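Commentary on secondary and tertiary structure
Spelled out from the first residue to the last, the chains are:
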Amino acid sequence: MTKLAMEGGRPARTKPLPPNYPGATVYGAEEAQGAAEVIHAQSPFRYYGPNVKNEVRTFEEEMARHLNVPYVLGVTSCTAALVVALKALGIGYGDKVIVPAITFLATPGAVVCANAVPVFVDADDSMNLDPADLERVMDKDVKAIIAVSILGNPCDMDPILAFAKKHNLYVIEDVAQSCGASYKGKVTGTMGDIGVYSFQMNKILTAGEGGALVTSNPELFDRAVRYHDQGMFRDKARYGIESADEEKAFIGQNYRMSEITGAVLNEQWKKLGGIVSSMQTRCRELQAKLTAELPDMKFRRLADPEGDIGSNLGMILPSTAFTQAFIKAMAAENIGAYTLYGSRPVYMLPQLFHQRTAEKDNFPFNYPFENPVVYTEDMCPQAVDYIARTVYVPISPLLTEQDVEEIAEGIVKVYRHIAQVQV
Ligand SMILES: *Cc1c(COP(=O)(O)O)cnc(C)c1O
């Protein structure tokens, strides 16, 4: 067996891998020109200016066409899209919303911003929410489920949608990490009532910041537009939506997307197909090589292997100690590998665990629920276990076959060493 780089052996790679920002690493002259045109037109605001290019509008139309949904609304971030979605659904004080134990802080954070309280369901070996645990948190105050597709892997939507239907719950799909994913031939983000996307730096497509909300429901879209634009609906004619302002108007906020963001996203959106097919190809090559060399290796389960975008290869290792040793040894081989979110379920973050908000009296957690919402460390034991021993290797769209060869070599070497030492 070859020596680990950590112990003085030759590292599997000498050059660093491309940075893990799929959209940003394929930026080119097109994004620069799109943004420059908005500047030259002196019209960075979507609704008026001397020479509005309608970049946000075009982006919304293109995204709608690609996803085959009638309504897309560009907003400032996915956190904003989540808040707008919850407001559109009329969710607020006194309501509970089901959130997976493994997700980014933004998901439960948006629930709290909408004055509702998150309740957490466990994860399974896909790292997405375990539909079998939904019943545990269910009561009359639960109004919605936010299904998060973690790192490119679509949620198992059939049982989630069936549960939601049975209990009359709304479904929001948080697709922040999984733009381009699909489930049984359906586009992830278009199966529930509302889907939300992120275009932050870390995501598949990016303008640095940005988000979008998609829906097929004109009533929800009407409310979403109003909430995102100070309670106004400026271009109803575009959608053929008739609504009496006096009756429908309510107070909103400002989550409008800028034209510069729209222009960059218009170019990014054209590249999605290429980014996804290249990640999928490389991810499958890597998994095939590892499967051949390491028959014991357990991979993260994919609800629909065809629909996974391949942005990361997830490996479930035998223990937490194995995982930590693996990450350290891989770093010495010049191959990044990581666990998600500091290896902890989101509810273990102190601000959530202690239910601390910026508001008086711990609002909205102070609502006198019939079943009080209390978080305990072991309430989602599978999530606690899986998150600490599932390690991800990011798959950049820029990886070459040679890169995949070297990554596989590094993983095989490190895995065998640790397995030998730890058994
Ligand atoms: C990144 C992320 C968000 C928030 O997206 P922003 O655009 O940064 O607000 C929400 N949910 C998940 C699962 C995310 O990964």
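Since we're looking at a predicted model, the values are computed, not measured.

Below, the discussion takes up the nonpolar core. Counting 81 residues, the largest nonpolar core has Val97, Ile98, Phe120 and Ile145 as the members making the most contacts within it. Looking at this core, the element that brings in the most residues is helix H4 (residues 78–88), giving 9 residues. Residues in contact with Phe120, not counting those within four places in the same chain, are Val99, Pro100, Ala101, Pro108, Arg136, Val137, Val346, Tyr347, Leu352, Tyr375, Met379 and Cys380. One finds Phe59, Ala64, Ile204 and Tyr415 within the second-largest nonpolar core, a separate group that totals 54 residues.

Taking the numbering used here, the UniProt-annotated feature "active site" (unreviewed entry) corresponds to Lys203. Relative accessible area serves as the criterion here: at 13%, Lys203 is assigned to the buried category. If we ignore the near neighbours within four places in the chain, the residues touching Lys203 are Pro22, Gly23, Ala176, Gln177 and Ser198.

This part takes up the sheet that holds strand E9 (residues 211–215). The sheet built from 7 strands is open, its strands ordered E1-E9-E8-E5-E4-E2-E3 with mixed pairing. The sheet is open, and its two edges are formed by strand E1 (71–75) and strand E3 (117–121), each paired on a single side. Averaged over all neighbouring strand pairs, the angle between strand axes comes to 25°, with direction disregarded. Strands in contact with H4 are E1, strand E2 (96–100), strand E4 (142–148), strand E5 (170–174), strand E8 (194–198) and E9; relative to E8, the strand with the most contacts, it is inclined by about 165°. With respect to the sheet, helix H7 (residues 157–167) is in contact with E4 and E5, its orientation differing from that of E4 by roughly 170°.

Following the criterion strictly, the structure yields 20 aromatic pairs and no others. Summarising the aromatic geometry, the rings of Tyr71 and Tyr239 are spaced 6.2 Å apart at their centres and angled 55° between planes, so their arrangement reads as tilted. In this pair, Tyr71 sits in strand E1 while Tyr239 sits in helix H9 (residues 236–239), placing the two residues 168 residues apart along the sequence. For the pair shown, Tyr71 and Tyr239 are each scored as buried. Look at Tyr227 and Phe250: their rings are 6.5 Å apart centre to centre, the planes differ by 20°, and that puts the pair in the stacked class. Linking Tyr227 in helix H8 (residues 218–228) with Phe250 in the loop between helix H10 (245–248) and helix H11 (259–293), this pair joins segments that are 23 residues apart in sequence. Tyr227 sits in the buried class, given a relative accessible area of 8%. Assessed through its relative accessible area of 24%, Phe250 is described here as partly exposed. Ring pairing ties together the aromatic residues Tyr71, Phe221, Phe233 and Tyr239, which thus form one cluster. Cation over ring: Lys96 sits above Phe369, and NZ or CZ is 4.9 Å from the ring centre. A cation over an aromatic ring shows up here: Arg223 above the ring of Phe250, its NZ or CZ 4.7 Å from the ring centre.

Attention now moves to the domain arrangement of the protein. Split by domain assignment, the protein resolves into domain 1 (5–20 + 272–343 + 383–422) and domain 2 (29–271). The gap between the C-alpha centroids of domain 1 and domain 2 is 30 Å. Facing 27 residues of domain 1, the contacting portion of domain 2 comprises 33 residues. In this assembly, domain 1 packs against domain 2 so that about 2,300 Å² is buried in total across both faces, 59% of it on carbon and sulfur atoms. When the buried area of domain 1 at its contact with domain 2 is split by residue, Leu272, Arg301 and Tyr341 rank highest and sum to 29% of it. Where domain 1 packs against domain 2, one counts 3 salt bridges. Run the count over domain 1 and domain 2 and you get 17 residue pairs in polar contact (both at pLDDT 80 or more). Where the side of domain 1 that touches domain 2 is concerned, the elements lending two or more residues are H11, strand E11 (312–316), helix H14 (381–389) and strand E12 (390–394). Partitioning the side of domain 1 that touches domain 2 into residue classes produces 15 nonpolar, 7 polar and 5 charged.

Parameters and conventions
- Residues numbered from 1 in each chain as written.
- Predicted model: local features only at pLDDT ≥ 70, side-chain atom pairs only at ≥ 80, totals over all residues.
- Heavy atoms only, no water.
- Core = buried A, V, L, I, M, F, W, Y, C linked by side-chain atoms within 4.5 Å.
- Buried < 20%, exposed > 50% of the residue type's maximum accessible area, 1.4 Å probe, protein only.
- Helix = DSSP H or I, 4+ residues; strand = E, 2+ residues; numbered from the N terminus.
- Contact = heavy atoms within 4.5 Å.
- UniProt positions renumbered as here; feature names shortened; annotations may be inferred.
- Pairing = 2+ DSSP bridges.
- Axes fitted to C-alpha atoms, helices over the stretch in contact; angles between N-to-C directions.
- Phe/Tyr/Trp six-rings, centres within 6.5 Å; stacked < 30°, edge-to-face > 60°.
- Lys NZ or Arg CZ within 6 Å of the ring centre and 35° of its normal.
- Domains from an automatic or database assignment.
- Buried area = accessible area lost by both parts, 1.4 Å probe.
- Salt bridge = Lys/Arg side-chain N within 4 Å of Asp/Glu carboxyl O.
- Polar contact = N/O pair within 3.5 Å; in protein donor to acceptor, adjacent residues only side chain to side chain.
- Nonpolar A, V, L, I, M, F, W, Y, C, P; charged D, E, K, R; others polar.

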